Amino acid sequence: MPSTSNKQQRTNEKNPLLQTFDHAPFSKIKNEHFKPAFLAVIEEARKEIDAIITNKNAPTFENTIAALDYSGYQLDRVSSVFFNLNSAETNEEIQKIAQEVSPLLSEFSNDITLNEELFKRVKTVYDQREKLNLTVEESTLLSKRYKSFSRNGANLSEDKKKRLREIDAKLAKLKLKFGENILAETNKYQMHLTNESDLDGLPEGAKEAATQLAKSKEKDGWLITLDYPSYIPFMKYAKNRELRKELSMAFGSKAFKNDALDNQENVLKIANLRHERANLLGYKTHAHFVLEERMAETPEKVTSFLNELLTKAKPAAQNEFYELEQFAKDLDGIERLQKWDGAYYSEKLKQKLFNLDDEKLKPYFKLENVIAGVFKVAEKLFGLTFKEVFGVDKYHEEVKTYEVYDNNNNFISLFYADFHPRPGKRGGAWMTSFKSQFRKNGEDSRPHISNVCNFTPSTATKPSLLTFNEVTTLFHEFGHGLHGMLANTTYPSLSGTSVYWDFVELPSQVLENWCYEKEALELFATHYETGGLIPMELVQKIKASATFQEGMATLRQISFGKLDMEWHAKNPSEIKDVKAFENKAFEGTQLYPDTPETCMSTAFAHIFQGGYSSGYYSYKWAEVLDADAFAYFKEHGIFNKAIATKFKEHVLSKGGTENPMTLYKRFRGCEPKIEALLERAGLLSA
Ligand SMILES: [Zn+2]
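Bear in mind the structure is a predicted one, so any value in this text is a computation, not a measurement. (Residues numbered from 1 in each chain as written. Predicted model: local features only at pLDDT ≥ 70, side-chain atom pairs only at ≥ 80, totals over all residues. Heavy atoms only, no water.)

Draft legend 1. Just the overall build of the protein chain, in detail. Across its full length, the protein chain carries 28 helices and nine strands. The C-alpha atoms of the protein chain give 27 Å as radius of gyration, which agrees with the globular expectation for 686 residues (26 Å, within 12%). Along the first, second and third principal axes, the C-alpha atoms of the protein chain reach 80 × 65 × 60 Å. Each of the 686 residues in the protein chain was classed as buried or not, and the buried ones make up 52%. Sequence-distant contacts in the protein chain: of pairs separated by 6 or more residues, those separated by 24 or more amount to 72%. When the accessible surface of the protein chain is split by element, carbon and sulfur atoms take 50% of a total near 31,700 Å². (Helix = DSSP H or I, 4+ residues; strand = E, 2+ residues; numbered from the N terminus. Rg over C-alpha atoms; globule rule 2.2 N^0.38 Å. Buried < 20%, exposed > 50% of the residue type's maximum accessible area, 1.4 Å probe, protein only. Contact = heavy atoms within 4.5 Å. Areas by Shrake-Rupley, 256 points an atom, 1.4 Å probe, with all protein chains shown as cover.)

Draft legend 2. Representation of the pairing of strand E4 (residues 400-405) within the structure. The element E4 is largely enclosed, with a buried count of five among its six residues. As paired elements, strand E3 (residues 385-389) and E4 share five bridges and run antiparallel to each other. Following the sheet pairing, Phe386 is matched in E4 by Val404. Bridge count for E4 against strand E5 (residues 411-418) is six bridges, and the pairing is antiparallel. Bridging from a neighbouring strand, Glu403 pairs with Leu414 of E5. Adjacent in sequence and paired antiparallel, E4 and E5 are bridged by five residues, among which Asn409 carries a positive phi angle near 65 degrees. (Pairing = 2+ DSSP bridges.)

Draft legend 3. Quick look at the environment of Asn91. Position of Asn91 relative to the elements: it lies in the loop between helix H4 (73-88) and helix H5 (92-113). Note: C-alpha distance between Asn91 and Lys339 (248 residues apart in sequence) is 42 Å. For Asn91, the side chain forms a polar contact with the main-chain nitrogen of Glu93, separated by 3.1 Å. (Polar contact = N/O pair within 3.5 Å; in protein donor to acceptor, adjacent residues only side chain to side chain.)

Draft legend 4. Structural view of the coordination of the zinc ion. Binding of the zinc ion to the protein goes through His476 (NE2), His480 (NE2), Glu505 (OE) and Glu505 (OE), at separations of 2.1 to 2.8 Å. Each of the four donor atoms bound to the zinc ion contributes to angles spanning 51 to 140 degrees, and the resulting shape is irregular. A relative accessible area of 13% means that His476 is categorised as buried. (Donors = N, O, S within 2.8 Å, 3.2 Å for Na, K, Ca; no water. Tetrahedral: all angles 85-135°; square planar, octahedral: opposite > 155°, others 65-115°.)

Draft legend 5. The arrangement of helix H3 (residues 61-70) in detail. Burial analysis of H3 places eight of its 10 residues in the buried class, which makes it a mostly covered element. Buried residues of H3: Phe61, Asn63, Thr64, Ile65, Ala66, Leu68, Asp69 and Tyr70, and no others. Buried residues in H3 make contact with helix H2 (34-53), H4, helix H6 (116-127), helix H7 (136-150) and strand E7 (438-440). Directly after H3, the chain includes Gly72, whose backbone phi takes a positive value near 70 degrees.

Draft legend 6. Geometry of the sheet that holds E3. Here we have five strands laid out as an open sheet, ordered E3-E4-E5-E9-E6, and mixed in their pairing. Of all the strands in the sheet, the pair left with one neighbour each is E3 and strand E6 (430-435). Looking at each pair of strands side by side, their axes are set apart by 30 degrees on average, direction ignored. Packed on one face of the sheet, H4 meets E5, E6 and strand E9 (448-452) and runs near 145 degrees to E6. (Axes fitted to C-alpha atoms, helices over the stretch in contact; angles between N-to-C directions.)

Here it is, written out as structure tokens:
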């Protein structure tokens, strides 16, 4: 009787995901290939790990650390094909497979990080690191690998390990509960309006959506909810101040009503468990634990960064607030501006000052022109050329494929571009890869990079014309793309965008700057019908409106960053009253009067549910980096080859092979300073 494994083997021989391939073989892949492919490649990766563990030779960098990094190559390829499809071209079947394979993958990854035999070998190499004469990249890899074990408790005694697992299990449950409460609060609330005059000020589209929502719940009139697409337009446009107040209070008091859905206990428990976990692992606080693997390095540095920014941005924020308050007073006799007035009067003031309409700009940003533009920018800066190719397999006919070459005609990367929304693609825009770059046995394996977006599609009468926001998004994702394409490292886990979290947005954000420059816009921003160049007064307006109320926005981000650090950079055991604690953390950052019924912490999903704990500062940190880096270009010309080459050699090509501050200083000649951001944001003249 033939065994099933023989039968499986024969099927696997025909599975395109289990053959050696360069480009992902999309046209040959069927959904039923994924599950058996995953099972086979996980098995294969397990064997590779076993071979490392059972190696009779003493552990060395090569036979342990390097071998570990090169292991699981086919698993990475299959995973990237599958999960990229699940984001860009999914269906129920793929989602079902994702549910099935995700636990297998986390089990496999746990089997590695919790593997004591493997850790023993890694530790043996790590303990000898001073004597091994390692290159910088090798020593970064060694330390990264060692920490992936030690930060998971590999060095702890058995009872402490047990406690660590208990804490992790509790934290997972609490975070889930935290999120469920917010979701339940969001879904519970609805504002039912039956007088059309209550919707005065709202654009037609927002009104229509409110009608549709009411209809879907079998109600007359209009429904407004706490979901962003409903909530934001109402706060921005609704004339009725009382209703704005009602909605704003409902939003701000989520999970803060002392009822079954309240999150106060949950955030206290989460903060205390995180603190205990950090202590167990030998760190002073949770923030110390997190920041060890960030460019900012320590809570002290983050705090002084936020305070410096606060001191410098506050005068501008206060001026803007005063201007807004005067505007509201003149317009509607508002005496004291409240939280529920901010978005409404800001929108009105912005219209008055700039009157900048997307429709006026769009004709200058035909998608094909913008793509040609971003390619041109990459050519002028880094000597890259993009050649559209038609023989490469793709997962949807709308996807475009390019081969990228440097100025010596060396092949650099394959580039996929997938620009328009369709059913089966999730929202937003992102960069991803189908294969990362690495070097092995003297051979440089080049990457396959992809940009996926949801831009305005063409219609029967009009080509795809982008809003300015879409233009900057395209440049942003392409910046991440360059980070992937220009990668030039040995080890796959240090390649391209595999860098510290507060460094990863530098290449993307810095590239956005070119969208605001005359010299760059001249390359591509021409009217799709007349061919005329975008008028420079429009460009000036774009620039000016981009920094509208930047002081207030900065103060808001600082307040969230400070709240995050207060929760995580100190021992939280003394905190009893969440709201009082929060108000103290917010001191000096608030412009609007406090409302005792609302609380930020109980709905601050970024830090209590998502992965931003001790990381909220990184939004502003990344802006400081990109402004400082771009200022360097501006000093020498935005297409200066020498500066661009430095950026490529010291940042884009280096991935995570070295400490990001070292890389940055090598590019810039000094540490980043916040002045460039303040200047760009118009905060210096205040
Ligand atoms: Zn980004």
